[in-house]
Amino acid sequence: DTGAVNVRKLAVALCHGGADVNEVKSVLETFMQLYGIEYSLKNSSHPSLIKGRCGDIFIGNKKVGIIGEIDPAVLRNWSLENPVAVFEMIVE
């Protein structure tokens, strides 16, 4: 009646002086290879991520997640001193 839905997701956040989208993409690639899942990335935008350093994660034609580097303004808002690279995806 409320429209609530349970969705299982996997999220990874890397936070250190050299964290970038390539490093977190490597983690995503390893996960997908371990489970034999073919995926693709398509450039996209998100207000919390750096333009040009983020994308959508697709399995087939279905968008299942997002990947990228957190925008410096967001890092400042949370008093984070190091870059953060992330991905989040549905795993069901």
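Structure: see above.
Student: Please set out the overall build of the protein residue by residue, giving values where relevant.
Tutor: Assigned secondary structure in the protein consists of two helices and five strands. Its helices and strands taken in sequence order, the protein reads β-α-β-β-β-α-β from the N to the C terminus. Its C-alpha atoms put the protein at 35 × 35 × 20 Å along the principal axes. Residues counted as buried form 30% of the 92 residues belonging to the protein.

Student: Tell me about the packing of aromatic side chains, residues and numbers included.
Tutor: Taken as a whole, this structure holds one aromatic pair when the rule is applied. With centroids separated by 4.9 Å and ring planes inclined at 45 degrees, the aromatic side chains of Phe31 and Tyr35 adopt a geometry described as tilted. In this structure Phe31 comes out as partly exposed when scored by relative accessible area, which is 23%. Exposure remark for Tyr35: the relative accessible area of 58% places this residue in the exposed category. Against the face of Phe58 rests Lys42, its NZ or CZ located 4.5 Å from the ring centre.

Student: Before we move on, could you go through the sheet that holds strand β5 (residues 84-90) and cite the residues and values that matter?
Tutor: What the five strands build is an open sheet, ordered β1-β5-β4-β3-β2; its pairing is antiparallel. Only two strands of the sheet have a single neighbouring strand rather than two, namely β1 (9-15) and β2 (40-43). Neighbour-to-neighbour, the strand axes of the sheet open up by a mean angle of 20 degrees, direction not taken into account. Inspection of the sheet shows strand β4 (residues 62-70) paired to β5 by five bridges, in the antiparallel sense. The partner of Gly68 across the bridge, within β5, is Val86. Its contacts with the sheet put helix α1 (residues 21-34) on β1, β2, β3 (49-59), β4 and β5, and the angle it makes with β5 is roughly 30 degrees.

Student: Tell me about the pairing of β2, residues and numbers included.
Tutor: Inspection of the sheet shows β2 paired to β3 by four bridges, in the antiparallel sense. Bridge pairing in β3 places Leu41 opposite Ile57. Taking the residues between adjacent antiparallel strands as the criterion, β2 and β3 are bridged by five residues.

Student: So what's going on with the environment of Arg8? Which residues, and what values?
Tutor: You can see Arg8 is positioned in the segment before β1. The exposure class of Arg8 is exposed, given its relative accessible area of 60%. Sequence-distant contacts of Arg8, that is, excluding residues within four places in its chain, are made with Met89, Ile90, Val91 and Glu92.

Procedures and definitions
Just so you know, the residues in each chain are numbered from 1, in the order the chain's sequence is written. Note on the predicted model: pLDDT of at least 70 is required for a residue's local features to be given, and 80 or more for side-chain atom pairs to be given and counted; whole-chain, interface and lining totals, by contrast, use all residues. Hydrogens and waters are ignored; side-chain quantities use all the structure's heavy atoms. Numbering of helices and strands runs from the N terminus, with a helix taken as a DSSP run of H or I at least four residues long and a strand as a DSSP run of E at least two residues long. Only protein chains enter the accessibility calculation, which uses a 1.4 Å probe; a residue is then buried when its area is under 20% of its type maximum, exposed when over 50%, and partly exposed in between. Here a Phe, Tyr or Trp ring, Trp counted by its six-membered ring, pairs with any other such ring whose centre lies within 6.5 Å, and the pair is stacked when the planes are under 30 degrees apart, edge-to-face when over 60, and tilted otherwise. Sitting over a ring, as applied to charges here, requires NZ of Lys or CZ of Arg to be within 6 Å of the ring centre and within 35 degrees of the ring normal. The pairing criterion for strands is at least two bridges between them, as found by DSSP. Inter-axis angles, ranging from 0 to 180 degrees, are taken between N-to-C directions of lines fitted to C-alpha atoms, where helices are fitted over the stretch in contact. Throughout, a residue-residue contact means that at least one pair of heavy atoms, one from each residue, lies within 4.5 Å.

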